[in-house]
Amino acid sequence: MSFPERLSRSAEDYLEAIGQLCARNEQGVALVSEVAQLLNVKKPSVTAAMHQLAEEGLITYRPYAPIQLTDKGREYANHVINAHNVLHRFMIEAAGLSPERAEEVGCMVEHILTYAEIQEIEKRLNNK
């Protein structure tokens, strides 16, 4: 997959949250209030992040309207969600962490490793 220069940790977290919310919603959209609740942040923080993601061409955003992922944004969000899931699985299966600790550590590590490194971990997990 080819992506723009990697987003900041915060921007990736917002994009991941939007991707999760859009996947759960029949219309494939997310609301600022849902993102704020999921990430435990204030709505103004979400709004600022939405402007950044819109500038990157990853979402379609207008104030007071639902957030939609662009095709590029959906691909990027799916990649981030997959990386999160791979690392969560790795932390449980290979490192022996509890699911709760695996979630916490996986969230930190997903922003440190490159996408190529995460893909290599996924390959090794799948070849067990």
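Since this is a predicted model, take the numbers as computed values, not measurements.

Engineer: Mind showing me how you'd approach the overall build of the chain here?
Structural biologist: Assigned secondary structure in the chain consists of 6 helices and 2 strands. When the helices and strands of the chain are placed in sequence order, the string is α-α-α-β-β-α-α-α. Here the chain has a C-alpha radius of gyration of 15 Å; the compact-globule value for 128 residues is 14 Å, and the two agree. Principal axes of the C-alpha set define a box for the chain whose edges measure 45 × 30 × 25 Å. Burial statistics for the chain: of 128 residues in total, 39% are counted as buried.

Engineer: Sorry, what's going on with the environment of I121 here?
Structural biologist: With respect to the secondary-structure elements, I121 resides in helix α6 (residues 115–126). The exposure class of I121 is buried, given its relative accessible area of 18%. It is 7.9 Å that separates the C-alpha atoms of I121 and L87, two residues lying 34 residues apart in sequence. Discounting residues that sit within four places of it in the chain, I121 has contacts with V86, L87, F90 and L113.

Engineer: Whenever I open this one, unusual backbone geometry confuses me. Can you help?
Structural biologist: Most peptide bonds take the trans form, and the phi angle of most residues other than glycine is negative. Positive phi is not limited to glycine here, since N40 has a value of about 60°. Secondary-structure assignment places N40 in the loop between α2 (32–39) and α3 (43–55). On the basis of relative accessible area, N40 is assigned to the exposed category, the value being 70%. Backbone geometry places Y64, a non-glycine residue, at a positive phi of 70°. Along the chain, Y64 falls in the loop between β1 (59–60) and β2 (68–69). Among the residues examined, Y64 registers a relative accessible area of 88% and is labelled exposed.

What counts and how
- Residues numbered from 1 in each chain as written.
- Predicted model: local features only at pLDDT ≥ 70, side-chain atom pairs only at ≥ 80, totals over all residues.
- Heavy atoms only, no water.
- Helix = DSSP H or I, 4+ residues; strand = E, 2+ residues; numbered from the N terminus.
- Rg over C-alpha atoms; globule rule 2.2 N^0.38 Å.
- Buried < 20%, exposed > 50% of the residue type's maximum accessible area, 1.4 Å probe, protein only.
- Contact = heavy atoms within 4.5 Å.

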